[in-house]
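# What the coordinates show
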Amino acid sequence: MEFIQFLQGELLLTGTLFALIILLIVNIYSEKYRKYQVVDTNGAVSLMDDDELIIIDVREEKERKAGFLSNDLNIPMGQVKAKMDSLDKSKNILVYCKSGTRSDRIADILSKNDFQKVSSLKGGFNAWLKADLPIQR
């Protein structure tokens, strides 16, 4: 009974608690039912053993001045839907951006459009740099 009174008295705290619970549930649900993989840098390197892997950088052209992965395609996020038809749906695809947020969105879009083997680089280009892996300039 005291707990209920506390929650009623602390509406901001209660609202924040419920929002966090909902976000946690949404996060668990989305991870369980997503159709693409999220890979770390080691997983990305393993994917690169496939000579036919398509690597897509969804960053803007100006962001590429910091470097980019070898043999990638630069298709900025806003252009991916328009250029989707030019990609082979049967090939492995690795998507990356600066931090992993945009690449997750694009990986989700690709997987919902019948691309079968889509992966997103967790942490994006920042994680790649942190792992001290090779880049092109």
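On a predicted model such as this, the values are computed, not experimentally measured, just so you know.

Moving on, we get to the confidence of the model for the protein chain. Segments scoring low in pLDDT should not have their predicted coordinates read at a detailed level. Averaged over every residue, the pLDDT of the protein chain is 91; the share at 70 or more is 99%. At the low end of the mean pLDDT range in the protein chain sits helix H1 (residues 2–9), at 72; at the high end sits strand S2 (residues 54–57), at 98.

It is worth spelling out a negative patch on the surface at this point. A cluster of acidic residues, Asp-49, Asp-51, Glu-52 and Asp-88, forms a negative patch at the surface. Inspection of the secondary structure assignment puts Asp-88 in the loop between helix H4 (80–83) and strand S4 (92–96). By relative accessible area, Asp-88 is classed as partly exposed at 33%.

Take the pairing of S2 next. In S2, alternate side chains face the same way, and those of Ile-54 and Ile-56 on one face and Ile-55 and Asp-57 on the other are all buried. Of the strand pairs in this sheet, S2 and S4 are connected by 4 bridges, and their pairing is parallel. Bridge assignment links Ile-55 to a residue of S4, and that residue is Leu-94. Relative to strand S3 (residues 72–74), S2 is paired through 3 bridges, and the arrangement is parallel. Each bridged residue has a counterpart across the sheet, and for Ile-55 the counterpart in S3 is Asp-72.

Quick look at helix H5 (residues 101–112) now. In this model, H5 (12 residues) spans 17 Å end to end at C-alpha, consistent with the 16 Å of a helix rising 1.5 Å per residue. When we look at burial in H5, the residues that qualify are Ser-103, Ile-106, Ala-107, Leu-110 and Ser-111. The buried residues of H5 occupy an angular sector of 135° when projected down its axis, which confines them to one face. Those residues of H5 hidden inside the fold are in contact with S2, H4, S4 and strand S5 (117–121). Once H5 finishes, Asp-114 follows within two positions and takes phi at roughly 70°, a positive value.

Let us look at the sheet that holds strand S1 (residues 37–39). Here 5 strands make up an open sheet; going across it, the order is S1-S5-S4-S2-S3 and the pairing parallel. If you trace the sheet from one side to the other, it starts and ends with S1 and S3, each paired once. Along the sheet, successive strands turn relative to each other by an average axial angle of 30°, direction set aside. Its contacts with the sheet place H5 against S1, S2, S4 and S5, and it is angled at close to 175° to S5.

Definitions and cut-offs
- Residues numbered from 1 in each chain as written.
- Predicted model: local features only at pLDDT ≥ 70, side-chain atom pairs only at ≥ 80, totals over all residues.
- Heavy atoms only, no water.
- pLDDT = per-residue confidence, 0-100.
- Helix = DSSP H or I, 4+ residues; strand = E, 2+ residues; numbered from the N terminus.
- Patch = residues over 30% accessible without salt bridge, like charges linked within 9 Å, V, L, I, M, F, W, Y side chains within 5 Å.
- Areas by Shrake-Rupley, 256 points an atom, 1.4 Å probe, with all protein chains shown as cover.
- Salt bridge = Lys/Arg side-chain N within 4 Å of Asp/Glu carboxyl O.
- Lys, Arg positive; Asp, Glu negative; His and termini not counted.
- Charge placed at Lys NZ, Arg CZ, Asp CG, Glu CD.
- Buried < 20%, exposed > 50% of the residue type's maximum accessible area, 1.4 Å probe, protein only.
- Pairing = 2+ DSSP bridges.
- Expected span 1.5 Å × (residues − 1).
- Arc of directions from axis to C-beta.
- Contact = heavy atoms within 4.5 Å.
- Axes fitted to C-alpha atoms, helices over the stretch in contact; angles between N-to-C directions.

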